[in-house]
Amino acid sequence: NTNKINELTVWTINKENKIWKIKVNIVMLGSPGAGKGTQAQKIAIKYNLNQLSTGDLLREEIKNKTEIGKEIEHIISKGDFATDDIVNKLLKKAVINPVYRNHIIFDGYPRNINQAENLDLILNSDNQSLNFIFFLKVSREDVEKRILGRLICENCNHIFNEFDDDELQKTCCDNKKILKRKDDNLQVIINRYDEYMKHTKPVLDFYSARNNYFEVNGAEKIDVITGKIDQILGA
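Let us look at the structure shown here. (Residues numbered from 1 in each chain as written. Predicted model: local features only at pLDDT ≥ 70, side-chain atom pairs only at ≥ 80, totals over all residues. Heavy atoms only, no water.)

### With respect to the overall build of the protein chain
And then number 1: Regarding its fold elements, the protein chain presents 8 helices and 12 strands.
And then number 2: For the protein chain, the proportion of its 235 residues judged to be buried stands at 45%.
And then number 3: Here the contacts in the protein chain between residues at least 6 apart in sequence split such that 69% fall between residues at least 24 apart.
And then number 4: Surface accessibility of the protein chain: about 13200 Å² in total, with carbon and sulfur atoms responsible for 49%. (Helix = DSSP H or I, 4+ residues; strand = E, 2+ residues; numbered from the N terminus. Buried < 20%, exposed > 50% of the residue type's maximum accessible area, 1.4 Å probe, protein only. Contact = heavy atoms within 4.5 Å. Areas by Shrake-Rupley, 256 points an atom, 1.4 Å probe, with all protein chains shown as cover.)

Written out as C-alpha cells, the structure is:
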C-alpha cells in the first residue's frame, strides 16, 4: 500500500519494513573525514535517496581513465581539490538526470561559495530546491584519527574505520577487498582540512541564515549523529 503523508513524503509498506520515499534534496557539509559520507549513505538508504558524492563522480572519471580523470588524479595527488569547472559539469549532468531529480543527498558539495551559488542556479533552472542543509562540525584532531583509520570497500564504497569498527571484517561484497584510499595520509589530511575550512566558511555564512540549515556535532558516535539528523528530517 502507498499512502500520502504530506506533499513531500510518501511511504510504502512491505511485510518486513517501512520504506520511505521522500521528494527532497539535502546538502551534507563537513570537512574531509567529518563523516558526511557515512551519514549521507545511511540517510540515502533509509529514505530511498540518491547519494550524490562529487568524490565518487571524480573517482569514476579516474577509474575510467578519461582525460578529465587524469587531470583530476594529478590534482588530488597534491592534496588539492578538483577545479569548480570540472566538478560543476559532472554535478549538473547528474542533478538534471530524471533518475536523481528531487531525490538527492549531496555528499560534500558545495565546497566553496562559487559552488553554492552554482548549485542554486542548477536546481532553480530545473525547478528544484534545497530542503535541508546539514553541517557536521568536527575538529582537525578528530578528522586525523578518522581518516588515518578509514577503509573503503573496492566494490560498493562502504566506509569502515579500523579504530571504531571492533568487528571489522577484512572483506566485503562477496569477499571484495577493503582498502585504504591513496589520498589518506597525514600531510594530505592537514592540507585538505585547512583548505576546506578556509573555503567553506563563506558557504556556511551563505546558508546559515536559512531556516533549513542545521549544524550537528560530528564528533559524536555515528549512530548518535544519525539519530539527530533523522529527528530533524522527521520534524
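Having put the structure on the table, let's press on.
### Observations regarding the packing of helix 5 (residues 113–125) against helix 7 (residues 186–208)
And then number 1: Packing of helix 5 against helix 7 leaves a shortest axis separation of 8 Å and a crossing angle of 40°. As summarised for this structure, helix 5 and helix 7 are arranged oblique, according to the angle between their axes. Taking contact as the criterion, the partners of Ile113, Ala116, Glu117, Leu119 and Asp120 in helix 5 are, on helix 7, His199, Pro202, Val203, Phe206 and Tyr207.
And then number 2: Tallied by class, the residues present in the contact of helix 5 with helix 7 amount to 7 nonpolar, 1 polar and 2 charged. (Axes fitted to C-alpha atoms, helices over the stretch in contact; angles between N-to-C directions. Parallel < 35°, antiparallel > 145°, perpendicular 65-115°, else oblique. Nonpolar A, V, L, I, M, F, W, Y, C, P; charged D, E, K, R; others polar.)

### What to know about helix 5
And then number 1: End to end, helix 5 covers 18 Å across 13 residues, agreeing with the expected 18 Å (1.5 Å per residue, within 8%).
And then number 2: Packing partners of the buried residues in helix 5 comprise strand 4 (24–30), helix 4 (84–95), strand 6 (103–107) and helix 7.
And then number 3: You can read the cap of helix 5 off the contacts: a side-chain oxygen lies 3.1 Å from the backbone nitrogen of Asn114, and it is on Asn112.
And then number 4: Directly beyond the C-terminal end of helix 5, a positive phi value near 60° is found at Asn127. (Expected span 1.5 Å × (residues − 1). Polar contact = N/O pair within 3.5 Å; in protein donor to acceptor, adjacent residues only side chain to side chain.)

### A closer look at the side chain of Ser31
And then number 1: The residue Ser31 is located in the loop between strand 4 and helix 1 (36–47) in this model.
And then number 2: Overall, Ser31 belongs to the buried group, its relative accessible area being 2%.
And then number 3: In this structure Ser31 touches Lys36, Val143, Tyr193, Tyr196 and Met197, once residues within four positions along its chain are discounted.

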